[in-house]
Amino acid sequence: MKWGIIGTGNMGSMLTSSLLSSKALEPDDMILYNRSSEKALKLKEQFPAIHVAASLKEIQKNCDILFICVKPHHYKTILEELKSDFTEEQCLISITSPISVNELENHTPCQVARIVPSITNHAHAGVSLFTFGSRMKKERKELLLETFKAISTPVEVEEEHIRVASDIVSCGPAFISYLLSNWITAAQHVAGISEEQATELTENMMIGLGELLSKRIFTLEELMEKVTVKGGVTGEGLQAMEDHLGELFFEMFKATQRKHKDDKKSIEL
Ligand SMILES: NC(=O)C1=CN([C@@H]2O[C@H](COP(=O)(O)OP(=O)(O)OC[C@H]3O[C@@H](n4cnc5c(N)ncnc54)[C@H](O)[C@@H]3O)[C@@H](O)[C@H]2O)C=CC1
Ligand SMILES: O=C(O)[C@@H]1CCC=N1
């Protein structure tokens, strides 16, 4: 089985190196193609047995499963070049939320799925979001799910929930990092701790929190309960958060829903 990645930017590179470092795939079974070849060749330096294709047609011809890992607005030109040459046995995988599997199926004769990854998959952790098209064969579904289990927890999502699910698992690392950078700044300003030390403490607290969750030692609810000693400081801090949080997360999820709708309108395949 040959696996192809079109677009070796952030996500295409992450998928290549994670699928190889987890041993889910062998380098000799992977073919890469990027518009400018440097990024693909850099991955070949790391994994010499990888193949780098010289054109879109070459990667298409030689792959059973082909990922498109470019920005949503670049899908159209790629599909236009490839669509007439796909076979029914090939699988096309999109990794972007605004393009639905139905739209992809309408533009190709091949089997189609969407797998939205997360930067957390770099650490062979976090979630990958799956939506299968109607033509996807059972064995291929199983192969894809099994392969992604090596780098993530694959979760199937309905089309109507792709935006919010992707906000949580894929945009989430950026959103949470933004919140934490504000938390570090506030710690500096209010209590005089250095940025360096506040960052070190915060990053290690997050690693510990992740471990607690990954080992299923506590749920989020239990964590709040266990840490909040009656009459103690955590309760005061939580109350201040409740008083000041306002509509923050409602507005964030509304903003991404709006952008998703606009993107869907402006992206034509
Ligand atoms: N960045 C993230 O955390 C996540 C991104 N995604 C999706 O992944 C996709 C890619 O995002 P990034 O990797 O962050 O973008 P990126 O800009 O880092 O990578 C895109 C790559 O595609 C290449 N490219 C553009 N047109 C091409 C063409 N015609 N043929 C071959 N290569 C071409 C570019 O040279 C670049 O290397 C987007 O659709 C995004 O929605 C999905 C989940 C998470
Ligand atoms: O297509 C998406 O939803 C992803 C999430 C982060 C960037 N793009």
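Residue numbering note: each chain is counted from 1, following its sequence as written. All chains are assigned letters beginning at A, and all ligands numbers beginning at 1, according to the order in which they are written. Side-chain atom pairs in this predicted model are given and counted only at pLDDT of 80 or more, local residue features only at pLDDT of at least 70, and totals for whole chains, interfaces and linings cover all residues. To get the side-chain values, all heavy atoms of the structure are used, and hydrogens and water are removed first.

If you look the chain up in an unreviewed UniProt entry, it shows as Pyrroline-5-carboxylate reductase from Halobacillus mangrovi. UniProt positions are given in the numbering used here, feature names are shortened, and annotations may be inferred rather than shown by experiment. Quoted straight from UniProt, the Subcellular location (unreviewed entry) entry for the chain says "Cytoplasm".

Caption draft 1: Representation of the overall build of the chain. Looking only at helices and strands, one finds eleven helices and eight strands in the chain. For the chain, the spread of C-alpha atoms along the three principal axes comes to 70 × 40 × 35 Å. The buried share among the 269 residues of the chain stands at 37%. In this description, contact between two residues means that some pair of their heavy atoms is separated by no more than 4.5 Å. In the chain, 62% of the contacts between residues at least 6 apart in sequence involve partners at least 24 apart. Here a helix means four or more residues in a row that DSSP labels H or I, a strand means two or more in a row labelled E, and each is numbered from the N terminus. Each residue is placed in one exposure class: buried if its accessible area under a 1.4 Å probe, protein chains only, is under 20% of its type's maximum, exposed if it is over 50%, and partly exposed if it falls in between.

Caption draft 2: Focus on the site of ligand 1. What surrounds ligand 1 is a group of 21 residues, the closest being M11, N34, K39, V70 and T96. Any N or O atom pair separated by 3.5 Å or less is treated as a polar contact, with the protein-specific requirement of one donor-capable and one acceptor-capable atom, and with residues adjacent in sequence counted only for side-chain atom pairs. Within the contact set of ligand 1, an oxygen atom lies 3.0 Å away from a side-chain nitrogen or oxygen of K71. Contact between ligand 1 and T96: an oxygen atom at 2.8 Å from a side-chain N or O atom of the residue. Computed with a 1.4 Å probe, the accessible areas rest on the Shrake-Rupley method; for each residue, only the protein chains presented here act as cover. Protein coverage of the free-state accessible area of ligand 1, which is 840 Å², stands at 82%. Across the shell around ligand 1, the residue classes tally to ten nonpolar, eight polar and three charged. We call a residue near a molecule or strand whenever a single non-hydrogen atom of that residue lies within 4 Å of it. For this scheme, ten residues count as nonpolar: Ala, Val, Leu, Ile, Met, Phe, Trp, Tyr, Cys and Pro. Four count as charged, namely Asp, Glu, Lys and Arg, and the remainder, Gly too, count as polar.

Caption draft 3: Molecular detail of the sheet that holds strand β7 (residues 127-132). If you trace the eight strands from one edge of the open sheet to the other, you get β3-β2-β1-β4-β5-β6-β7-β8, paired in mixed fashion. Lying at the two open borders of the sheet, with one neighbouring strand each, are β3 (51-52) and β8 (153-156). Two strands qualify as a pair provided that DSSP identifies no fewer than 2 bridges between them. Taken together, the four bridges between β7 and β8 define a ladder with parallel strand orientation. Residue pairing in the sheet places S128 in a bridge with P154 of β8. Packed on one face of the sheet, helix α6 (residues 138-149) meets β1 (3-6), β4 (65-68), β5 (91-94), β6 (111-116), β7 and β8 and runs near 170° to β7. In this description, a line fitted to the C-alpha atoms serves as the axis of each element, helices being fitted only across the stretch in contact, and the angle between N-to-C directions of two axes falls anywhere from 0 to 180 degrees.

Caption draft 4: Structural detail: the packing of aromatic side chains. Each Phe, Tyr or Trp ring (for Trp, its six-membered ring) is paired with any other whose centre lies within 6.5 Å, and the angle between the two planes then decides the class: stacked below 30 degrees, edge-to-face above 60, tilted in between. Summed over the entire model, instances satisfying the criterion amount to four aromatic pairs. Ring geometry for F67 versus F148: centroids 5.9 Å apart, planes at 35°, classification tilted. With F67 in strand β4 and F148 in helix α6, this residue pair connects regions lying 81 residues apart in the sequence. Classification of F67 by relative accessible area gives buried; the value is 1%. According to the relative accessible area criterion, F148 is buried, its value standing at 0%. An aromatic cluster of three or more residues is present, and its members are W3, F67, F130, F132 and F148.

Caption draft 5: Geometry of a negative patch on the surface. The patches described consist of residues with a relative accessible area above 30% and no salt bridge, like charges being joined within 9 Å and nonpolar side chains (Val, Leu, Ile, Met, Phe, Trp, Tyr) within 5 Å. We define a salt bridge as a contact between a side-chain nitrogen of Lys or Arg and a carboxyl oxygen of Asp or Glu at a distance within 4 Å. By the counting rule applied here, Lys and Arg register as positive and Asp and Glu as negative, while His and the ends of each chain are not counted. For charged residues, the charge sits on one atom: NZ in Lys, CZ in Arg, CG in Asp, CD in Glu. Residues E195, E196, E200 and E203 make up a contiguous surface patch of negative charge. With respect to the helices and strands, E196 occurs in helix α8 (residues 195-214). Take E196: its relative accessible area is 66%, and that puts it in the exposed class.

Caption draft 6: Structural detail: helix α1 (residues 10-21). Here α1 contains twelve residues, and its C-alpha end-to-end distance of 16 Å stays within 8% of the 16 Å for a straight helix at 1.5 Å per residue. Of all twelve residues in α1, nine are buried, a share of seventy percent or more. Turning to α1, its buried residues number three or more, namely G12, S13, M14, L15, T16, S17, S18, L19 and L20. For α1, the elements touching its buried residues are β1, β2 (30-33), α2 (38-46), β4 and α6. Following α1 by one or two positions, K23 adopts a phi angle in the positive range, close to 70°. What a helix should span is 1.5 Å times the count of its residues minus one.

Caption draft 7: Local environment of the site of ligand 2. If you check the shell around ligand 2, you find T96, S97, R163, S166, S170 and C171 and nothing else. The contact in question runs from an oxygen atom of ligand 2 to an N or O atom on the side chain of T96, over 3.4 Å. Here an oxygen atom of ligand 2 and a side-chain polar atom of S166 are 2.6 Å apart. Of the residues belonging to the shell around ligand 2, the class tally is one nonpolar, four polar and one charged.

Caption draft 8: Structural detail: the nonpolar core. To qualify as a nonpolar core, a set must consist of buried Ala, Val, Leu, Ile, Met, Phe, Trp, Tyr and Cys residues joined through side-chain atoms within 4.5 Å. With 50 residues, the main nonpolar core has I6, L15, I59, F67, L92, I93 and L144 as its most contacted residues. In contact with F67, other than residues within four places in its own chain, are W3, G4, I5, I6, L15, I93, I95, I115 and F148. Counting residues in hydrophobic clusters, the runner-up holds six residues, among them V116, V157, I162 and V169.

Caption draft 9: Looking closely at the side chain of S94. On the secondary structure map, S94 appears in strand β5. Not counting chain neighbours up to four residues away, the residues in contact with S94 comprise I68, Y75, I99, L104, A113, R114 and I115.

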